[in-house]
Amino acid sequence: MNEFNLETRVAAIAAILADRTRARMLFLMMDGRAYTATELSAATDVVPSTTSAHLNRLLAENLISCLKQGRHRYFKIHNPEVAELLENMMRFANGEYKDIAKISTPKSLRFFRTCYDHMAGEVAIKIHDNFLANYWITDNYELTPSGKDFLLSLDICGDTQLSLRRKFACSCLDWSERYFHLGGSLGASLLDVFLKKKWAIRQLDSRELILTESGKKVLKQRFGAKI
């Protein structure tokens, strides 16, 4: 892509994100779930025809994907790169260097929430730090032999490191806490196992995650993280 086309593309994406309703739709999808147009229409308080127009613009710029299941169509964030872009924008808009930014974020979201398809907030930061402290991953976010054993103990296959479609693991700057949590396929796998084993429970109308009592025990006993 030449420089002129790149500038045009950036300007087009910026114009899409400049609309508050479209931004609201994208923020709703940041919990990693897929939504129907009807659900998005109700959540943004706009009529269905306007919702369809907004969704078509988001689809045209590959910011979201449409999944068809029977007669129903569901919309979700297109890929992790789009989610990372939105997360960075949230962090920037919230004031990267202002101490009050952390205070302005609801306490429940600061504590534990989803960041697209992985975990974020104070809990996720402790998990990230303990993966490094226990040398389950290297400073370059590569899986170690002891890390592979640990993941297998959680019923997570370490062979996800071999995936060519996505990074195995990476740091993701937490926009409310300003420390790193785990992204990549490792972050997604950890969220999946936390939900499957009922260590965490999703809130239906929010990105907030509820840490269960069994989840607290697992964090302390398996991850060495004190909450």
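Before reading on, note that the structure itself is shown above.
Just so you know, these numbers come straight off a predicted model, no measurement behind them.

(A) Broad picture of the layout of surface pockets. Taken as a whole, the largest pocket encloses approximately 540 Å³ of empty space. Forming the walls of the largest pocket are 19 residues, and the residues nearest its centre are Arg24, Phe27, Leu28, Met90 and Arg207. Those elements that place two or more of their residues in the lining of the largest pocket are α2 (20–29) and α5 (80–93). It is α2 that contributes the most residues to the lining of the largest pocket, five residues altogether. In terms of residue class, the lining of the largest pocket is built from 13 nonpolar, one polar and five charged. Forming the boundary of the second largest pocket are 18 residues, of which Pro80, Glu84, Cys170, Ser171 and Gly184 lie nearest the centre. Secondary-structure elements contributing two or more residues to the lining of the second largest pocket are α5, β5 (170–173) and β6 (180–183). Top contributing element to the lining of the second largest pocket by residue count: α5, with six residues.

(B) Here's a closer look at helix α11 (residues 213–221). Buried within α11 are the following residues: Gly215, Val218 and Leu219. Looking straight down α11, one finds its buried side chains confined to an arc of 100°; they lie on one side. The outward face of α11, more than 90 degrees from its buried face, is lined by the exposed residues Glu213, Lys217, Lys220 and Gln221. Here the buried face of α11 lies against α8 (122–133), α10 (184–196) and β8 (209–211).

(C) Inspection of unusual backbone geometry at higher detail. The phi dihedral of Tyr135 falls on the positive side, at around 55°, and the residue is not glycine. On the secondary structure map, Tyr135 appears in the loop between α8 and α9 (145–153). The residue Tyr141 is not glycine, and still its phi comes out positive at about 65°. Structurally, Tyr141 is set in the loop between α8 and α9.

(D) The packing of aromatic side chains, seen in detail. Per the stated rule, a full pass over the model turns up seven aromatic pairs. When the ring of Phe131 is compared with that of Phe150, the centres are 5.8 Å apart and the planes differ by 75°; the resulting orientation is edge-to-face. One end of the pair, Phe131, is in helix α8; the other, Phe150, is in helix α9, and 19 residues separate them in sequence. A single burial state applies to Phe131 and to Phe150, both of which are buried. Here the aromatic residues Phe131, Trp136, Phe150, Phe194, Trp199 and Phe223 are joined through ring pairs into a cluster of three or more.

(E) Structural view of the state of the cysteines. This structure, assessed with the given rule, holds zero disulfides. Free of any disulfide, Cys172 has its nearest cysteine sulfur in Cys115, 4.1 Å distant. Residue Cys172 is classed as buried on the basis of its relative accessible area of 12%.

(F) Layout of the environment of Asn79. Mapping Asn79 onto the fold places it in the loop between β2 (72–77) and α5. With 16 residues separating them along the chain, Asn79 and Leu63 place their C-alpha atoms 7.9 Å apart. Within polar-contact distance, the side chain of Asn79 engages the backbone nitrogen of Glu81 at 3.2 Å.

(G) Quick peek at the environment of Thr114. Structurally, the position occupied by Thr114 is in strand β3 (residues 113–115). Judged by its relative accessible area of 1%, Thr114 is buried. Thr114 sits 83 residues away from Asp31 along the chain, and the two C-alpha atoms are 5.5 Å apart. Excluding anything up to four places from it in sequence, Thr114 contacts Met30, Asp31, Leu191, Arg202, Arg207 and Leu209.

Quick notes on the rules
Residues numbered from 1 in each chain as written. Predicted model: local features only at pLDDT ≥ 70, side-chain atom pairs only at ≥ 80, totals over all residues. Heavy atoms only, no water. 1 Å grid on protein atoms, 1.4 Å probe; cavity = no way out; pocket = protein on both sides within 12 Å on 5 of 7 lines; lining within 4 Å. Points joined across faces, edges and corners; volume = space filled by probe spheres on them. Helix = DSSP H or I, 4+ residues; strand = E, 2+ residues; numbered from the N terminus. Nonpolar A, V, L, I, M, F, W, Y, C, P; charged D, E, K, R; others polar. Buried < 20%, exposed > 50% of the residue type's maximum accessible area, 1.4 Å probe, protein only. Arc of directions from axis to C-beta. Contact = heavy atoms within 4.5 Å. Phe/Tyr/Trp six-rings, centres within 6.5 Å; stacked < 30°, edge-to-face > 60°. Disulfide = S-S within 2.5 Å. Polar contact = N/O pair within 3.5 Å; in protein donor to acceptor, adjacent residues only side chain to side chain.

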